[in-house]
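Structure assessment
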There are 2 protein chains.
Amino acid sequence: MSNQPQVVTDQPQVVADQREAVTDPSGVIADQPETATDQFDLESVLEAAAAAAPAMARTSPMERANWLRTIADDLEADRDALVALAQQETHLPQGRLVSELGRTTFQLRLTAEVLEEGSWLEAVVDHADPAWPTGPRPDLRRMLRAIGPVLIVAASNFPFAFSVAGGDTATALGAGCPVILKAHPGHPELSRRTATIVQAALRRAGAPDGAFALIEGEAETQQALKDPRVRAGAFTGSVRGGRVLFDIAASRPDPIPFYGELGSINPAFVLPSAIQQRRSEVLKGFVDSFTLGVGQFCTKPGVLFVPKAEGLLDELGELVSAVDASPMLNDRIESGLQQRLAEMRQQWNPVSDAEADESGVPPSLFATSSSAAIEDMDALFEEAFGPAAVVVEYDDPKELVEIASRLPGQLTATVQSEDGDAAAPALLDALSDHAGRIVWNGWPTGVSVTWAMQHGGSWPSTTASVHTSVGPTALRRFLQPVSFQNLPAALLPDAVRDENPLGIWQRVDGELTRPEQSA
Amino acid sequence: MSNQPQVVTDQPQVVADQREAVTDPSGVIADQPETATDQFDLESVLEAAAAAAPAMARTSPMERANWLRTIADDLEADRDALVALAQQETHLPQGRLVSELGRTTFQLRLTAEVLEEGSWLEAVVDHADPAWPTGPRPDLRRMLRAIGPVLIVAASNFPFAFSVAGGDTATALGAGCPVILKAHPGHPELSRRTATIVQAALRRAGAPDGAFALIEGEAETQQALKDPRVRAGAFTGSVRGGRVLFDIAASRPDPIPFYGELGSINPAFVLPSAIQQRRSEVLKGFVDSFTLGVGQFCTKPGVLFVPKAEGLLDELGELVSAVDASPMLNDRIESGLQQRLAEMRQQWNPVSDAEADESGVPPSLFATSSSAAIEDMDALFEEAFGPAAVVVEYDDPKELVEIASRLPGQLTATVQSEDGDAAAPALLDALSDHAGRIVWNGWPTGVSVTWAMQHGGSWPSTTASVHTSVGPTALRRFLQPVSFQNLPAALLPDAVRDENPLGIWQRVDGELTRPEQSA
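Cut-offs used in this document
- Residues numbered from 1 in each chain as written.
- Chains lettered and ligands numbered in written order.
- Predicted model: local features only at pLDDT ≥ 70, side-chain atom pairs only at ≥ 80, totals over all residues.
- Core = buried A, V, L, I, M, F, W, Y, C linked by C-beta atoms within 7 Å.
- Buried ≥ 20, exposed ≤ 12 C-beta atoms within 10 Å, placed from the backbone.
- Contact = placed C-beta atoms within 7 Å.
- Axes fitted to C-alpha atoms, helices over the stretch in contact; angles between N-to-C directions.
- Helix = DSSP H or I, 4+ residues; strand = E, 2+ residues; numbered from the N terminus.
- Parallel < 35°, antiparallel > 145°, perpendicular 65-115°, else oblique.
- Left-handed = near helix turned anticlockwise from the far one by under 90°.
- Arc of directions from axis to C-beta.
- Pairing = 2+ DSSP bridges.
- Nonpolar A, V, L, I, M, F, W, Y, C, P; charged D, E, K, R; others polar.
- Least-squares fit on C-alpha atoms with pLDDT ≥ 70 in both.
- Domains from an automatic or database assignment.
- pLDDT = per-residue confidence, 0-100.

1. Let's talk about the nonpolar core
- A:Ile438 and B:Ile438 are the most contacted members of the largest nonpolar core, which has 337 residues in total.
- When near neighbours in sequence (up to four residues on either side) are disregarded, A:Ile438 contacts A:Ala413, A:Val415, A:Leu428, A:Leu431, A:Ser432, B:Val482, B:Phe484, B:Gln485 and B:Leu487.

Below, the structure is given as structure tokens:
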């Protein structure tokens, strides 16, 4: 961040005039209104990122692994101050924030490990083959390479793990891309403090200037996303805000990839066998999951399908009313929830629905029938961000397959069932077409950071259904493939050299080859 | 294809009214005007594809490998008739068409092999780990899965390899996706005959009904692309046509991935060392490459940068004027070229520029200086589809790095240089940011179908820069990841089972594992 006078923020009107259709003066990208600070000069940020990009693309994965570990170390060194600031700005409890910071440093270190392992480079070596069936094959070597400067728009609900030094930043820096990080206005001071740590760590670890910058303000975000120097965008937030940004990225003269992780309802389907065997456990599990963290998770289960059963709604009502009200992240999120609750009250029957008070927002649960739900799937699958959910009572599990086959894209879908339930296979099959993660006899809140995690899905859960925003494969979003044809050995990047100096996996003449064999 | 009365094609006006901004009545998607046939009913096609999708996603990779091999066998069995029809409709020479059909069946068979090898499934098994650093990790298993019905818009310039049974079809079917193939009006009878073979082969090999259908007409294409049942699109053609379709896909209420492989200029940079050592070979190679196939390749080198040298333009002029005129694919492509040539004549100096006559179109070459080229990069990097190119004379190879760093996205970029030329590394580095394939001392025409091929690049060479449309990795365009959390073993898909019944590569607890070890 420079202290130069603000050039860009003086002229937000110009940006708005240029592309009225996607300009969003009402502040839907963030969940609270914001005005830009004068702490940065957007043009300088963009220029520095563009200037850093070629040098960053040339750094070795091992160098970048060192950057990420240095950031992790420095965040940990400042843990107490960071957590205190986060508590103050987000109302989240200390324990949760400490563990979220732990998750954040883990993400950075796991990405570092993955960088060293090297299979993410997808290095392929095809030696020249004069007898190749479609005609003599030249020597061809393919690998992935940094896509260039990435604009990342931070989320409010994970002030560490999906914010300034979160997973998007870890994977974009890891891929070798300069990061322009748009701070969430829900935790501005925490964002600035984290950014200062990230920048200092990168400098100390030898990263080029321009590798990371913090920006603020919606007009600035949109302007950056339109700028030809920005080569990809990433976002975590609402469907409405994500759509505004996706449309900007797609309607550029030169469209760029835009990875938005948006809303999700995360429906949970309880089969009769589960209710028969584990009724209390299932109902308690659902209520715990949708009220966890005041319902402010993108994986919160917002709809529960249960077989119609005597007393079940009463039991759920008691569980819900026993959950204390808690403060939400900020006023804007709370008022968004109240607006959605007003619609929900019109559409469905209350099971438990108390008013918010000074201690915070209590959970709300509504009920409807499967026939009514099928009639208006759009309403059922509109997100309520916060501790609110709908129970849908069904008569026959066959209805669930019909509903599952019409689901809008979801980050997760949950099935509660006893082993051997005959209704499960068809339901799982239908859900696999519509959800990024299928949870069996568990609950979707809790996203493990590991190779097998998929955090994504079709629209509206994301804007890019073939990618994930959590786990090592998230690196791929910021990488572009390039092939080198007949390049002299001395000019080849290390990843695709015969002698394999990086000691990484390579596919050589069609065969995946272990690093031990080629090193 | 059904013989039902046409429902949809009676109402093109409705489609046009709904989304005027992206409707394209002037016929830019295809390169010749077209009217729909009444041989298919779009609604039935879409319904059949949607109905086939779940069953196709469940088929094993080995079953689908068998579909692709059956198609290849049946195309070969009909080779003489197919080639004769292609000759008649496209004016391409017999030898080229025979070899293109060979490439097409090779693509199908290579995709079949890749399906069996299985690493494309990206199967990941993470066993439950109570000691995982971010909290107990559940059992998680991730794999890729068919995205659903794909609309593929065929190209005119490869009536086999990028048309009905081309690479997009091979990879979409291979991924397990129903294909709705929009025929190119440049070879309608060939398209219909090929489609009949593909459908019969799929039926014989046991593929579900609805696995493949041919459609025709631009209004129908746009309507299909807007339909919620279509889950991805692929296209090979012009920047203008691709942009129309990309905008439709991106502006849907539920945006879907759209993989357009559009125009490319494929600049070639000749360093002084190459001219000094191999002047005649280099100039001849360039002329051969830009006139090959009457310049109707997406990898045609359209701009050549050469050091200013006495007599060089004259030598190029002689080489170009010695190339015979040849008929182009169709009248619409020829008139598009003539329109572009009129602009080129205004902007640059002719080196060799004869008029078309009844024997066809002769090649045209124009010249300009590097300073003029830098002034108007947009004009220099606008495609002329056909045998036309521009030579840019430069004074200092340093200018090339400046030009390379500002290149719009390219499918290829070529460097001609002697080993050890000091100007090469910086140039290669800058080009790697902007081109999908870097060719050294060769020419870009000729796209080998092999693991290491990258056929793609940033806008405008494609609409999806992190993907390729040629080579095994092209499968990934039609696959969506899904994770299964704590699913009982009996309900898991084969790809992610512990016993690995498919005998494929799996990443188990972080380690890539050879099939031999787990089978």
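2. Quick word on the packing of helix H8 (residues 218-226) of chain A against helix H9 (residues 239-250) of chain A
Residues and elements named next belong to chain A.
- It is at 9 Å that the axes of H8 and H9 come closest, and there the two elements cross at 30°. Classified by the interaxial angle, the pair formed by H8 and H9 is roughly parallel. The two elements H8 and H9 meet at a crossing, and its hand is right-handed. Taking contact as the criterion, the partners of Gln222, Leu225 and Lys226 in H8 are, on H9, Leu245, Ile248 and Ala249.

3. Considering helix H11 (residues 312-321) of chain B
Residues and elements named next belong to chain B.
- Of all the positions in H11, only Leu316, Leu319 and Val320 are classed as buried. Projected down its long axis, H11 shows its buried positions confined to an angular sector of 95°, all on one face.
- Close packing links the buried residues of H11 with helix H10 (272-291), strand S10 (349-353), strand S11 (364-369) and strand S12 (388-394).

4. Focus: the sheet that holds strand S12 (residues 388-394) of chain A
- Read from one edge to the other, the open sheet built from twelve strands follows the order S10(A)-S11(A)-S12(A)-S9(A)-S8(A)-S13(A)-S14(A)-S15(B)-S2(B)-S1(B)-S16(B)-S17(B), with strand pairing classed as mixed. The open sheet is flanked by strand S10 (349-353) of chain A together with strand S17 (511-513) of chain B, the only strands paired with a single partner. Neighbour-to-neighbour, the strand axes of this sheet turn through a mean angle of 20°, independent of strand direction.

5. Side note on the interface of chain A and chain B
- Taken together, the contact between chain A and chain B spans 68 residues of the former and 68 residues of the latter.
- Among the elements of the structure, helix H2 (42-58), helix H5 (94-117), strand S1 (124-126), strand S2 (140-146), H9, helix H16 (424-432), strand S14 (435-440) and strand S15 (479-485) of chain A are those that each provide at least two residues to the side of chain A that touches chain B.
- Residue contributions to the side of chain A that touches chain B peak at seven residues, all from S15(A).
- Classifying every residue of the side of chain A that touches chain B gives 34 nonpolar, 20 polar and 14 charged.
- Two strands pair when backbone bridges link them, and S15(A) and strand S14 (residues 435-440) of chain B are joined in this way by three bridges, in the parallel orientation. Bridge pairing in S14(B) places A:Ser483 opposite B:Arg437.

6. Thoughts on unusual backbone geometry
- Between A:Trp459 and the following residue, A:Pro460, the backbone shows a cis peptide bond with an omega angle of 5°.
- Note on placement: A:Pro460 falls in the loop between S14 and S15.
- If you check the backbone angles, A:His91 has positive phi at about 65° while not being a glycine.
- Residue position: A:His91 is located in the loop between helix H4 (79-90) and H5.
- Within the chain, B:Asn266 stands out as a residue other than glycine whose phi angle is a positive 50°.

7. Things to note about the relation of the copies chain A and chain B
- With an axial shift of 0.0 Å and an RMSD of 0.0 Å, the rotation relating chain A to chain B amounts to 180°. Read as a symmetry element, the transformation amounts to a two-fold axis. For chain A, the residue whose C-alpha comes nearest the rotation axis is A:Ala250, separated from it by 3.3 Å.
- Looking at chain A, 100% of its interface residues are interface residues in chain B too, so the copies touch through the same face.

8. Let's talk about the domain arrangement of chain A
Residue and element names in this part refer to chain A.
- When its domains are assigned, chain A resolves into domain 1 (39-262 + 467-476) and domain 2 (268-440).
- Residue-level contacts link eight residues of domain 1 with eight residues of domain 2.
- Across the side of domain 1 that touches domain 2, the residue classes tally to one nonpolar, five polar and two charged.

9. Comments concerning the confidence of the model for chain A
All names here are of chain A.
- Averaged over chain A, the pLDDT score is 92; the fraction of residues at 70 or greater is 92%.
- Scored below 50 in pLDDT, residues 1-27 shows 40 contacts in the model against residues more than four places distant or in partner chains.
- Both confidence scores are given for the complex: pTM 0.93, ipTM 0.93.

10. Overview of the sheet that holds strand S3 (residues 150-153) of chain B
Residue and element names in this part refer to chain B.
- Taken in spatial order, the five strands make up an open sheet running S5-S4-S3-S6-S7, and their pairing is parallel. Sheet topology places strand S5 (212-215) and strand S7 (258-261) at the edges, where each strand pairs with a single neighbour. Direction aside, the axes of adjacent strands within the sheet are offset by 15° on average.
- As defined by bridge partners, strand S4 (residues 179-182) adjoins S5 across four bridges and the pair is classed as parallel. In the strand pairing of S5, Val179 is matched with Phe212.

11. Overview of the packing of H4(A) against H5(A)
Residue and element names in this part refer to chain A.
- Taken N-terminus to C-terminus, the directions of H4 and H5 make an angle of 130°; their axes are 10 Å apart at the nearest point. As judged from the angle between their axes, H4 and H5 are oblique. Considering the relative orientation of H4 and H5, their crossing is right-handed. Here Arg79, Leu82, Val83, Ala86 and Gln87 of H4 lie close against H5, whose contacting residues are Gln94, Leu97, Val98 and Leu101.
- Along the lines of polarity and charge, the residues of the contact of H4 with H5 split into six nonpolar, two polar and one charged.

12. A few points about the environment of B:Ile248
- Within the secondary structure, B:Ile248 sits in helix H9 (residues 239-250).
- Taking the C-alpha atoms as reference, B:Ile248 lies 9.5 Å from B:Gln223; in sequence the two are 25 residues apart.

13. Structural notes on the pairing of S12(B)
Residue and element names in this part refer to chain B.
- The buried fraction of S12 amounts to six of the seven residues, a majority that puts the element mostly inside the structure.
- Where strand S9 (residues 303-307) lies against S12, five bridges are found, and the strand directions are parallel. Within S12, the position partnered with Phe305 by the bridge is Val392.
- Where S11 meets S12, six bridges bridge the pair, whose relative direction is parallel.

14. Here we look at helix H15 (residues 398-405) of chain B
All names here are of chain B.
- All buried positions along H15 are accounted for by Leu400, Ile403 and Ala404. The arc that holds the buried residues of H15, viewed along the axis, is 100°, so those residues lie on one side. For H15, the exposed residues lying more than 90 degrees away from the buried face are Lys398 and Glu402.
- Contact partners of the buried residues in H15: strand S8 (268-270), S9, helix H13 (370-375), S12 and helix H16 (424-432).

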